[in-house]
Amino acid sequence: MPGTTERSLEELYQDDRERADAVAFGRRPGLDRRGFLGGTGLAAMGVAVGGSIPFAEHMPGGLIPAALIPAAMAQTPSPSAAPKGPQYLNFPGKADKLVVLGERPLVAETPEYLLNDDTTPIDKFFIRNNGQMPEPAKDPEAWKITVDGEVNQKLELTLAELKSKFRPVTRRMVLECGGNGRSFFATQARGNQWTNGGVGCAEWTGVRLVDVLKAAGVKPSAVFTGNYGADRSLADASKDAISRGVPIKKALDPNNLIVFAMDGQPLPNVHGGPVRLIMPGWPGSVSSKWLTRIWLRDKVHDGPGMGGTSYRVAINPMVPGDLADEKNFKDLESMPVRSIITSPMNGTSFGKDVREVKLSGAAWAGA
């Protein structure tokens, strides 16, 4: 049919499980949780894979058994479903082995074998953007940050004033994307398909966020922050790409920094320069890049990237792929304990005479 793009079942279910049920098997959204695996949909699936499906009556909607996907795809070939090798980053000042996960916005992860430094060099540090990356500041020292809302006095500080009025602090801390490891989920989750490379441990230099908040005077009515950056939405440049926040207790943690240097160098634009937040241990989305404003609020922040299921986790276990009840979700706060092997490199093979292999790696523990 002219103008129609054919897609495999796998691609349909990656984009929208509810719609995929309807397109492929005639299931209407919001009905029987067994979805396409009930009634005529079950028969259709059986035809697609060339056999009956055991225990189909117990399978939730929006789920294709992994063992059946190759057979289903074989019936609906799609050129876009062909296996593709990794796309490597070509960006000034970055290692050419970072793997691109998305181009709009730019997202790239670091292979595990490159994460073998105690302090991650800038060229190896992962990139996570949520919108259009701003142009580098022509005069970084004139960059302005506003602190307002539930404070005794509104502050407007240039980067130069921030450096002169508050004591600088340097800390080596982990920054990790909230979606790190997402590619290992079953069923597949939406978003960038990170393996283990959405993490880095840099040496950050800046001033303590708590010192700046105390200078503004935090009112007892303040319960949450709203953090804003200069990055704009790709869909609508009049809107913020993302604006997340944290409870006031987390905001007052002395480890949080308003950062202007990374590994002893001025903070690069691609990493949020000239100034950004670093809130270690929590998902990187609260560590706003290109920081312009910290809004203290008397309620939970409701900016882009807050609420719904964004950067949130289920309170009670749910069936993978089933419809999400927003009431059963809470904000992702402290990141989980994780570890990686950095050497030997993934996929390395050894001769039959090798009896000893030296291992190295890294582990980190959220907040």
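Model, not experiment: these values are computed from the prediction. (Residues numbered from 1 in each chain as written. Predicted model: local features only at pLDDT ≥ 70, side-chain atom pairs only at ≥ 80, totals over all residues. Heavy atoms only, no water.)

Colleague: Outline the overall build of the chain, supporting the account with residue identities and numerical values.
Modeller: Within the chain, the secondary structure is distributed over seven helices and 16 strands. Within the span of the chain, comprising 367 residues, buried residues form 45% of the whole. If you sum the accessible surface of the chain, you get close to 19,200 Å²; carbon and sulfur atoms cover 53% of it. (Helix = DSSP H or I, 4+ residues; strand = E, 2+ residues; numbered from the N terminus. Buried < 20%, exposed > 50% of the residue type's maximum accessible area, 1.4 Å probe, protein only. Areas by Shrake-Rupley, 256 points an atom, 1.4 Å probe, with all protein chains shown as cover.)

Colleague: Summarise the environment of Pro317; cite the residues concerned and give the values.
Modeller: Mapped onto the fold, Pro317 is located in the loop between β13 (312-314) and β14 (329-331). With eleven residues separating them in the primary sequence, Pro317 and Asn328 have C-alpha atoms 9.0 Å apart.

Colleague: Break down the sheet that holds strand β1 (residues 99-103) for me, with residues and values.
Modeller: Spatial strand order, β1-β2-β3: three strands in an open sheet with antiparallel pairing. Single-partner strands in this sheet number two, and they are β1 and β3 (127-128). Note: strand β2 (residues 106-109) against β3, two bridges, orientation antiparallel. The residue bridging Val107 from the neighbouring strand is Arg128, located in β3. (Pairing = 2+ DSSP bridges.)

Colleague: Talk me through the side chain of Asn328; I want residue IDs and the actual numbers.
Modeller: Checked against the element boundaries, Asn328 lands in the loop between β13 and β14. The class of Asn328 is buried, set by a relative accessible area of 14%. Ignoring any residue separated from it by four or fewer positions in sequence, one finds Asn328 in contact with Val313, Ala314, Ile315 and Asn316. (Contact = heavy atoms within 4.5 Å.)

Colleague: For the pattern of salt bridges, give the residues involved together with the corresponding values.
Modeller: Under the defined criterion, the tally for this structure stands at nine salt bridges. The residue Glu176 makes a salt bridge to Arg338 at a minimum N-O spacing of 3.1 Å. Residue Glu176 is located in strand β6 (residues 168-176), and its partner Arg338 is located in strand β15 (residues 338-343); the two are separated by 162 residues in the primary sequence. Grouping residues by exposure puts Glu176 and Arg338 together as buried. The partner of Lys250 in a salt bridge is Asp253, and the shortest N-O contact between them spans 4.0 Å. (Salt bridge = Lys/Arg side-chain N within 4 Å of Asp/Glu carboxyl O.)

Colleague: Could you give an account of the nonpolar core, with specific residues and numbers?
Modeller: One finds Leu162, Leu209, Val212, Ile258 and Ile294 to be the most contacted residues of the largest nonpolar core, which totals 30 residues. At the level of secondary structure, the elements contributing two or more residues to this core comprise β4 (144-149), β5 (155-158), α5 (159-165), α6 (209-216), α7 (248-251), β9 (257-262) and β12 (291-297). Of all hydrophobic cores here, the second largest spans 16 residues; its members include Phe125, Phe126, Met173 and Met262. (Core = buried A, V, L, I, M, F, W, Y, C linked by side-chain atoms within 4.5 Å.)

Colleague: Tell me about the environment of Ala251, and please be specific about residues and values.
Modeller: Note on placement: Ala251 falls in helix α7. Along the sequence, Ala251 and Met279 sit 28 residues apart, while their C-alpha atoms lie 8.1 Å from each other. The residues contacting Ala251, other than those within four sequence positions of it, are Leu209, Leu213, Thr225, Val246 and Asn256.

Colleague: Requested: an account of the pairing of β2, with residues and values cited.
Modeller: Residue alternation in β2 divides its side chains into two sets, Leu106 and Ala108 and Val107 and Glu109, and both sets are buried. As judged from the four bridges shared by β1 and β2, these two strands associate in the antiparallel manner. Within β2, the position partnered with Val100 by the bridge is Ala108. A loop of two residues connects β1 with β2, the two strands running antiparallel in sequence.

Colleague: Account for empty space enclosed by the protein, naming residues and giving values.
Modeller: Over the atoms, a rolled probe matching the size of one water molecule traces out where space is still vacant. In the structure shown here, the tally under the stated rule is two cavities of 30 Å³ or more. Lining the largest cavity are 20 residues, with Arg128, Asn130, Gly284, Ser285 and Lys289 positioned closest to its centre. Each residue belonging to the lining of the largest cavity can be placed in one class, and the counts come to seven nonpolar, nine polar and four charged. Estimates place the volume of the second largest cavity at around 40 Å³. (1 Å grid on protein atoms, 1.4 Å probe; cavity = no way out; pocket = protein on both sides within 12 Å on 5 of 7 lines; lining within 4 Å. Points joined across faces, edges and corners; volume = space filled by probe spheres on them. Nonpolar A, V, L, I, M, F, W, Y, C, P; charged D, E, K, R; others polar.)

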